Amino acid sequence: MKPKVFVTRQIPEIGLARVREVCDLDLWEHEDPAPYDQLLERVRGVDGVLCTLTERIDEGLIAAAGANLKVISQMAVGYDNIDVRAAHARGIPVGNTPGVLTAATADLAFALLLAAARRLSEGVQYIRDGQWTTWQPRHLLGADLNGATLGIIGLGRIGKAVAQRARGFDMNILAYSRHLTDEEARAHGATRVDLPTLLHESDFVSLHTPLTPDTRHLINRETLAEMKQTAILINTTRGGTVDPHALYAALRDNVIAAAALDVTEPEPIPLDDPLLTLPNCLIVPHIGSATVKTRDKMALMAAENLIAGVTGQPLPTAVKLG
Ligand code: GLV
């Protein structure tokens, strides 16, 4: 008998096809995520769950799945939606998809950086509002990348890939990570600094740290106040790393110049969120890894983790807690 698995979202077909080869697949049939109570029902008795960042996989859900559950495979690199400790306490490994989305996410971070620096969304709106009547010598002036300082918070895989791109734009790079050494920073063309120095000296600050209790609202009223008035904040990690109320006030009051966000708190951002009223805040809907090839690779990798778990093999990429 094939192992029974539940896949919580309509992931790319290449991943589903691989899962079907080995497993008896129950697939959430709608495009939108399942409500929590539906998840509780669908996981009951399964051998494995393949989920995404839109599902809350907490202790209650792990318990509801029952004694057959052998693996939780997340199609994402971040896993702050999963109670990994609760899973590990029951001997259930958790898989994620590191590496395959590094380049796509770094590209998006850089796209946001460029868009905010050169005020692209304001320019688009200007045309749509019928205001483009002539070339303007002093209008929509943005910030140069060349010679500017980029502060990278979290020099992990994606942070390093962002540094690689920044070198191509002749930027100076500062980096802050908890366990970063001078040598490692130098190997990526960056200078290791402490967080206050990074905030004081950077023209652009890009967040690449996972969301943990330590990084929750790392960017808040105090840290925003330490940034340059001309600084631009980029967030492609998790919305929870930034206090959205503090960010709104800082952008409204010109404490910093602009922000470009791929992630928000909460997600999706409610339509009446005041951040959406600000011309200096560019927001896109969590599309860091959203390229055809990257999502295919993530789906396949999540499928392989799932299959390994339900067949009693070590997961190719398992989450390890420090
Ligand atoms: C996307 O945000 C991911 O963690 O893969």
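*Asks:* I would appreciate a short explanation of empty space enclosed by the protein in the present structure.
*Replies:* A probe matching the size of a water molecule, rolled over the atoms, marks out where space remains unfilled. Following the criterion strictly, the structure yields 1 cavity of 30 Å³ or more and no others. A volume near 70 Å³ is recorded for the largest cavity. Residues belonging to the lining of the largest cavity are distributed by class as follows: 6 nonpolar, 3 polar and 1 charged.

*Asks:* Where do I start with the packing of aromatic side chains in this structure?
*Replies:* The relative placement of two aromatic rings is captured by the distance of their centres and the angle of their planes. With the rule as written, the count across this model stands at 1 aromatic pair. Above the face of the Tyr 36 ring, Arg 56 is positioned so that its terminal group lies 4.3 Å from the ring centre.

*Asks:* Just checking my understanding: could you explain the sheet that holds strand 9 (residues 204-207) for this structure?
*Replies:* Strand pairs in the sheet, formed through backbone hydrogen bonds, run parallel or antiparallel to each other. An order of 8-7-6-9-10-11-12 is seen for the 7 strands of this open sheet, with the pairing classed as parallel. Since the sheet does not close on itself, it has two edges, and those belong to strand 8 (190-192) and strand 12 (281-283), each with one partner. On average, each strand axis in the sheet is tilted by 20 degrees relative to the strand beside it, whichever way the strands run. By the bridge criterion, 4 bridges tie strand 6 (residues 149-153) to strand 9 in an arrangement that is parallel. Residue pairing in the sheet places Gly 151 in a bridge with Val 205 of strand 9. Taken strand by strand, helix 7 (residues 157-168) contacts strand 6 and strand 7 (172-176), and its axis lies near 170 degrees from that of strand 6. Taken strand by strand, helix 11 (residues 244-252) contacts strand 10 (232-235), strand 11 (258-261) and strand 12, and its axis lies near 140 degrees from that of strand 11.

*Asks:* Help me understand the nonpolar core in this model?
*Replies:* The nonpolar side chains of a soluble globular protein tend to be buried with one another. By size, the foremost hydrophobic cluster in this structure holds 52 residues, and its most contacted members are Val 19, Leu 50, Leu 113, Leu 150, Val 162, Met 171 and Phe 204. Among the elements that line this core, the one with the most residues is helix 5 (residues 102-117), at 9 residues. Counting the residues that make up this core, at least three belong to each of domain 1 (4-99 + 292-310) and domain 2 (102-283). When sequence neighbours within four positions are dropped, the list of residues in contact with Leu 50 reads Phe 6, Val 7, Thr 8, Ile 11, Val 19, Ser 73, Met 75, Ala 302, Ala 303 and Leu 306. Within the second largest apolar cluster, 26 residues are counted, among which are Leu 207, Ala 231, Ile 256 and Cys 281.

*Asks:* Quick question: what am I supposed to make of the site of the ligand here?
*Replies:* Lining the immediate environment of the ligand, one finds Leu 53, Ala 76, Val 77, Gly 78, Leu 101, Arg 238 and His 286. Arg 238 is positioned such that a nitrogen or oxygen atom in its side chain is 2.7 Å from an oxygen atom of the ligand. Interatomic distance of 2.7 Å between a side-chain N/O atom of His 286 and an oxygen atom of the ligand. About the coverage of the ligand: the protein hides 89% of its 190 Å² of free accessible area.

*Asks:* What am I meant to see in helix 2 (residues 36-43) here?
*Replies:* What sets the pattern is the α-helix's 3.6 residues per turn: residues three or four places apart point alike. Among the residues of helix 2, those classed as buried are Leu 39, Arg 42 and Val 43. All buried residues of helix 2 project into a common sector of 90 degrees when viewed along the axis, lining one side. Those residues of helix 2 that are buried lie in contact with strand 1 (4-7), strand 2 (24-27), strand 3 (48-51) and helix 3 (59-65). Phi turns positive, to about 85 degrees, at Gly 45, one or two residues after helix 2.

*Asks:* Looking at this structure, how should I read the domain arrangement of the protein chain?
*Replies:* How big an interface is tends to be expressed through the accessible area that disappears when the partners come together. By domain assignment, the protein chain separates into domain 1 (4-99 + 292-310) and domain 2 (102-283). Here the C-alpha centre of domain 2 lies 31 Å away from the C-alpha centre of domain 1. With 6 residues of domain 1 at the interface, the matching set in domain 2 holds 5 residues. Carbon and sulfur atoms make up 48% of the area that domain 1 and domain 2 hide from each other, which totals about 540 Å². Connecting domain 1 to domain 2 are 1 salt bridge. In this structure, Arg 238 and Asp 80 form a salt bridge, with 2.9 Å as the shortest nitrogen-oxygen distance. Counting across the domain 1 and domain 2 interface gives 2 residue pairs in polar contact (both at pLDDT 80 or more).

Scoring rules and cut-offs
Residues numbered from 1 in each chain as written. Predicted model: local features only at pLDDT ≥ 70, side-chain atom pairs only at ≥ 80, totals over all residues. Heavy atoms only, no water. 1 Å grid on protein atoms, 1.4 Å probe; cavity = no way out; pocket = protein on both sides within 12 Å on 5 of 7 lines; lining within 4 Å. Points joined across faces, edges and corners; volume = space filled by probe spheres on them. Nonpolar A, V, L, I, M, F, W, Y, C, P; charged D, E, K, R; others polar. Phe/Tyr/Trp six-rings, centres within 6.5 Å; stacked < 30°, edge-to-face > 60°. Lys NZ or Arg CZ within 6 Å of the ring centre and 35° of its normal. Pairing = 2+ DSSP bridges. Helix = DSSP H or I, 4+ residues; strand = E, 2+ residues; numbered from the N terminus. Axes fitted to C-alpha atoms, helices over the stretch in contact; angles between N-to-C directions. Contact = heavy atoms within 4.5 Å. Core = buried A, V, L, I, M, F, W, Y, C linked by side-chain atoms within 4.5 Å. Buried < 20%, exposed > 50% of the residue type's maximum accessible area, 1.4 Å probe, protein only. Domains from an automatic or database assignment. Near = heavy atom within 4 Å. Polar contact = N/O pair within 3.5 Å; in protein donor to acceptor, adjacent residues only side chain to side chain. Areas by Shrake-Rupley, 256 points an atom, 1.4 Å probe, with all protein chains shown as cover. Arc of directions from axis to C-beta. Buried area = accessible area lost by both parts, 1.4 Å probe. Salt bridge = Lys/Arg side-chain N within 4 Å of Asp/Glu carboxyl O.

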